[in-house]
Amino acid sequence: MSSATRTLISPATLARPRGKAVYWSVFTGVVLLFAIAFLFPVYWMVTGAMKSPDEVAQTPPTLIPTHLRMSGYTDAWDLMQLPEHLWNTVVQAAGAWAFQLVFCTAAAYALSKLKPAFGNVILGGILATLMVPAQALVVPKYLTVADLPFLHTSLLNDPLGIWLPAVANAFNLYLLKRFFDQLPRDVLEAAEIDGAGKLRILWSVVLPMSRPVLGVVSIFALVAVWQDFLWPLMVFSDTDKQPISVALVQLSQNIQLTVLIAAMVIASIPMVALFLVFQRHIIAGISAGSTKG
């Protein structure tokens, strides 16, 4: 016996011309309101960099720039040394992503498929770190990076100071483990019968099947490093090696407001482009983790 799905508007009402017109009018209005709420701040920031400093500060503000000026973007690119700081950010984010993908994937595969002794205890200890505020770990991390145990070397002003702490990401590790838990066992057993070892199974079977969740973890890893401010500020005292998030604050003292707004727009473009390019993979990875495959 099948039960009809209950909705806010009945199918009979939608079948009438007036009901259909009201429904689509309300739906379109709600979508437009949400689109305006999310896109208007972006529009305001992009056009704000095209105004003169007096026009940005005037009250009431102008919705459309009186005279479009692109000098804010060119000045931001040159005066704030954006190419150098953007490159620093790319290096730090790419390294953190590579380290995190390798070590978190290996750890998640070991906990999920190799079933080590005390694996649940280890996983519980890893997940317990999620309850510790990130600010409480700043001082221990800094002391560790400033004088690396056993090696007694400093990683300050070194990209390794960003890469190595990024590996300890309990959330991404748990996300990968949950996905690996849902992989069909018969596929892995078939590869094992064919003579594939554990490492070969990971490389040739597990990783190709895990592209959606690897995409999600990649986005999380890159965005976390790109938007982080406090930790790079502590690691990089050398201004020439600072990422864009720190440089925008450090170099904004004697910079016009329009130039600073333009610099923030330029700094946000890579992450927006990354999301637009990989949004299908992000949605696929999130939905893949919520269903049993």
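Residues numbered from 1 in each chain as written. Predicted model: local features only at pLDDT ≥ 70, side-chain atom pairs only at ≥ 80, totals over all residues. Heavy atoms only, no water.

Peer 1: Explain the pattern of salt bridges here, please?
Peer 2: A side chain with one charge can pair with a side chain of the opposite charge if their charged atoms come near. Scanning the entire structure with this criterion turns up 3 salt bridges. In this structure, arginine 185 engages glutamate 189 in a salt bridge whose closest nitrogen and oxygen atoms are separated by 3.9 Å. One end of the pair, arginine 185, and the other, glutamate 189, are both in helix α10 (residues 185–193), 4 residues apart, so they sit about a helical turn from each other. The partly exposed category is assigned to glutamate 189, whose relative accessible area is 41%. Between glutamate 192 and lysine 198 there is a salt bridge whose closest N-O contact spans 3.7 Å. (Salt bridge = Lys/Arg side-chain N within 4 Å of Asp/Glu carboxyl O. Helix = DSSP H or I, 4+ residues; strand = E, 2+ residues; numbered from the N terminus. Buried < 20%, exposed > 50% of the residue type's maximum accessible area, 1.4 Å probe, protein only.)

Peer 1: Is there a simple way to think about unusual backbone geometry in this case?
Peer 2: When glycine is set aside, most residues are seen to have a negative phi, and most peptide bonds are trans. A cis amide bond links threonine 59 with the next residue in sequence, proline 60, at an omega value of -5°. Within the element layout of this structure, proline 60 appears in the loop between α3 (53–57) and α4 (71–79). For lysine 115, which is not glycine, the phi torsion reads 50° and is therefore positive. Structurally, the position occupied by lysine 115 is in the loop between α5 (82–114) and α6 (119–128).

Peer 1: Even after reading the chapter, I still don't get a nonpolar patch on the surface, so can you show me in this structure?
Peer 2: On the surface, Leu32, Ile36, Phe40, Tyr43, Trp44, Leu63 and Ile64 cluster together into a nonpolar patch covering about 680 Å² of accessible area. Take isoleucine 64: it is sitting in the loop between α3 and α4. On the accessibility criterion, isoleucine 64 (60% relative accessible area) is exposed. (Patch = residues over 30% accessible without salt bridge, like charges linked within 9 Å, V, L, I, M, F, W, Y side chains within 5 Å. Areas by Shrake-Rupley, 256 points an atom, 1.4 Å probe, with all protein chains shown as cover.)

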